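Now for the letters of each chain:
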Amino acid sequence: MQPLVPCSAIAISLFDLFEAGPGPSSSHTIGPMKAGYDFAQRCATLPDDILCRAAGVRVRLFGSLSATGYGHGTDMAVLAGLAGQLPASCPPEYLVRPEGAGEERPATDTTLADGRYASLLGCEGVVPVPVAGQGQGHSASGAVVRYMMLRDGLRLPLTSACVVHDAVQHEHPFSNTLVLELLGDTGASLFSYTYYSVGGGFIQWEGWQPEERGAPVHPYCTMRQLRECMDDTGLALHEIILENEMAVTGASRASIVARLDTIIGLMEASVERGLATTGRLPGTLGVFRKASTLMARAGKLPHAVDAFLCRLNAYAFAVSEENASGGVIVTAPTCGAAGVMPAVLYAMRNDFSIGDRAVREGVLASAAVGFLAKQNAGIAGAEVGCQGEVGVASAMAAAMLAHARGNAVRVVENAAEIALEHHLGLTCDPVGGYVQIPCIERNAVGAVKAYNACLVATCEDPKHHRVTLDNVIRAMAEIGHDMNAKFKETSAGGLAVSVVEC
């Protein structure tokens, strides 16, 4: 196997990796919302002679965004962004489909005059937005209208927006592509911009350049180099990550710690909300929440090990069900895998009584794994399959637990490697395009694998461990590159076609 291609030093921020926002998908919901917001800001700077002719917005979705965008709420997310919303502060009602849209997708092409939604490839139509913003009026029919702000005093009603699901693959190496266009009253394009949702909520665009940031004080782009940094400086893994965050972002240690504690609190809150909620998840699959049932039955199991594992599953189900319903979760590293780390973290707090400081240091260690996977392979299901989502999340959670328990860096690395190795080749084939089957159960299995990977790594002799984290990330990149596109979040293969959507 060839060595890793030389790469630039990792300069990703902790809060790029751990980002609060609405589910169900970082690449299909959070990324498109950011694209919509960015497009609105760009439109606001256009000359008056263009803006005075503006009459509508067209959003064209390509690749995986087209294939599974309906189930992932991409249409609602990009419209929320156009209305000025960002993921961290977007009210959940912005992502609720309007009254009359229904749970059923149109079976035939339609102009959607009745408020129904485009879902078939090549189908397009008007997409109304459901909830009024401050100072915004109502249409003649009584439906609430949201606006895209073009400039002070000049607003464009988003009922004039249409979302087009395009069956043709856009000519770009990454499939998750959005083309946003400002339209004139004749339908001609006045201004357009192309965006790429590249996983984990990150977006890029034509001519994109990385944000200018400070250089990491401890540069590395492989796990081996990271260990060498630790050997050279005598610093612990979490200190390397923390000092790099300070250098890259310019933030103080205290502000980073405070923000990290907020992220940890949001993870715990998503577990608790999910455990307290019952009922059916949105969409056509008829999936019921299971977290509260698992939690209740865990207390009745006679064996302590069974009871713990049942609780761990319940924690992961809780967050994944919150994600599937569009609730606020933390990308770790993505929305689709957002249940794994919070489940293990919640167990660390409540089952193992691990203290605040150790939990925080464990989260910092987990970020190193996420950074390495993103830099050297990928974390998006549309890019490398679910091995890059739940697989990386499981590796991050295993590293977090191993580090919080005070293990040496070799053990932490081995725990992450074991967890990721046994997710290699995992496809992303969501049934019906919803982040429900197999995604919710897969998060729970990923959390259990993380716990077991940590157990194996701490009980074995580290000298006898043969596979490195760099080895398995390189393998994930190769497998992802060779994986058929129908297994990359398109719902065109695997479980998505073997399970009949009813």
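Residues numbered from 1 in each chain as written. Predicted model: local features only at pLDDT ≥ 70, side-chain atom pairs only at ≥ 80, totals over all residues. Heavy atoms only, no water.

Going by an unreviewed UniProt entry, the protein chain carries the name L-serine ammonia-lyase and comes from Nitratidesulfovibrio vulgaris. UniProt's Catalytic activity (unreviewed entry) comment on the protein chain is quoted here verbatim: "L-serine = pyruvate + NH4(+)". (UniProt positions renumbered as here; feature names shortened; annotations may be inferred.)

K.L.:
What is the right way to read the packing of aromatic side chains from this model?
P.N.:
Within a pair of aromatic rings, the relevant descriptors are the distance that separates the centres and the angle that separates the planes. On inspection of all chains with the given rule, the structure shows eight aromatic pairs. An angle of 35° between the planes, with centres 6.1 Å apart, marks the rings of Phe191 and Tyr193 as tilted. Each member of the pair, Phe191 as well as Tyr193, carries the same accessibility label: buried. Seen in terms of ring centroids, Phe352 and Tyr451 are 6.1 Å apart; in terms of plane orientation they differ by 25°. Their pairing is stacked. Of this pair, Phe352 sits in the loop between helix H11 (340-350) and helix H12 (356-376) while Tyr451 sits in helix H16 (residues 439-459), and the two are 99 residues apart along the sequence. The partly exposed category is assigned to Phe352, whose relative accessible area is 25%. Members of the aromatic cluster, each reached through a chain of ring pairs, are Phe39, Phe191, Tyr193, Tyr195 and Trp205. Taking the ring centre of Tyr147 as reference, the NZ or CZ of Arg155 above it sits at 4.1 Å. Above the ring of Phe202, the side-chain terminus of Lys374 is found at 4.1 Å from the ring centroid. (Phe/Tyr/Trp six-rings, centres within 6.5 Å; stacked < 30°, edge-to-face > 60°. Buried < 20%, exposed > 50% of the residue type's maximum accessible area, 1.4 Å probe, protein only. Helix = DSSP H or I, 4+ residues; strand = E, 2+ residues; numbered from the N terminus. Lys NZ or Arg CZ within 6 Å of the ring centre and 35° of its normal.)

K.L.:
How should the side chain of Asn323 be read in this particular structure?
P.N.:
With respect to the helices and strands, Asn323 occurs in helix H10 (residues 304-324). For Asn323, a relative accessible area of 2% corresponds to the buried category. At 2.9 Å, the side chain of Asn323 forms a polar contact with the backbone oxygen of Pro24. When sequence neighbours within four positions are dropped, the list of residues in contact with Asn323 reads Gly23, Pro24, Ser25, Ile329, Cys335, Gly336 and Val435. (Polar contact = N/O pair within 3.5 Å; in protein donor to acceptor, adjacent residues only side chain to side chain. Contact = heavy atoms within 4.5 Å.)

K.L.:
I'm lost on the side chain of His465 in this one. Help?
P.N.:
Positionally, His465 belongs in the loop between H16 and helix H17 (469-482). Apart from the residues lying within four places of it in its own chain, the contact partners of His465 are Asn414, Glu417, Ile418 and Glu460.

K.L.:
Even after reading the chapter, I still don't get unusual backbone geometry, so can you show me in this structure?
P.N.:
Note on backbone geometry: most residues besides glycine have negative phi, and most peptide bonds are trans. Here the residue pair Gly23 and Pro24 is connected by a cis peptide bond, since its omega of 15° sits within 30 degrees of zero. In this model, Ser353 sits at a positive phi of 55°, which is unusual for a non-glycine residue. Along the chain, Ser353 falls in the loop between H11 and H12.

K.L.:
What am I meant to see in the pairing of strand S3 (residues 147-151) here?
P.N.:
Every other side chain in a regular strand lies on the same face of the sheet, so the side chains alternate between the two faces. By the bridge criterion, four bridges tie S3 to strand S4 (residues 154-157) in an arrangement that is antiparallel. Looking at the pairing, Met148 lines up with Leu156 of S4. Hairpin geometry of S3 and S4 is characterised by an intervening segment of two residues between the two adjacent antiparallel strands and by a positive phi of about 85° at Gly153. (Pairing = 2+ DSSP bridges.)

K.L.:
Help me out: how do you make sense of the packing of H12 against H17 in this one?
P.N.:
Each pair of packed helices can be summarised by the angle the axes make with each other and by the distance between the axes. Close contact between H12 and H17 brings their axes to 9 Å; oriented N to C, the two are set at 40°. Considering the angle they form, H12 stands oblique to H17. Relative to H17, the crossing made by H12 is right-handed. Contacts between H12 and H17 involve Val369, Leu372, Ala373 and Asn376 on the former and, on the latter, Leu469, Ile473, Met476 and Ala477. Residues belonging to the contact of H12 with H17 are distributed by class as follows: seven nonpolar, one polar and no charged. (Axes fitted to C-alpha atoms, helices over the stretch in contact; angles between N-to-C directions. Parallel < 35°, antiparallel > 145°, perpendicular 65-115°, else oblique. Left-handed = near helix turned anticlockwise from the far one by under 90°. Nonpolar A, V, L, I, M, F, W, Y, C, P; charged D, E, K, R; others polar.)

K.L.:
Honestly, the pairing of strand S7 (residues 189-199) in this entry has me stumped. Any pointers?
P.N.:
A large share of S7 lies buried, amounting to eight of its 11 residues. Bridge count between strand S6 (residues 177-184) and S7: seven bridges; the pairing is antiparallel. Opposite Leu180, over in S7, you have Tyr193 as the bridge partner. In this structure, the hairpin formed by S6 and S7 is closed by a connection of four residues, where Gly187 is found at a positive phi of approximately 90°. Two strands pair when backbone bridges link them, and S7 and strand S8 (residues 202-205) are joined in this way by four bridges, in the antiparallel orientation.

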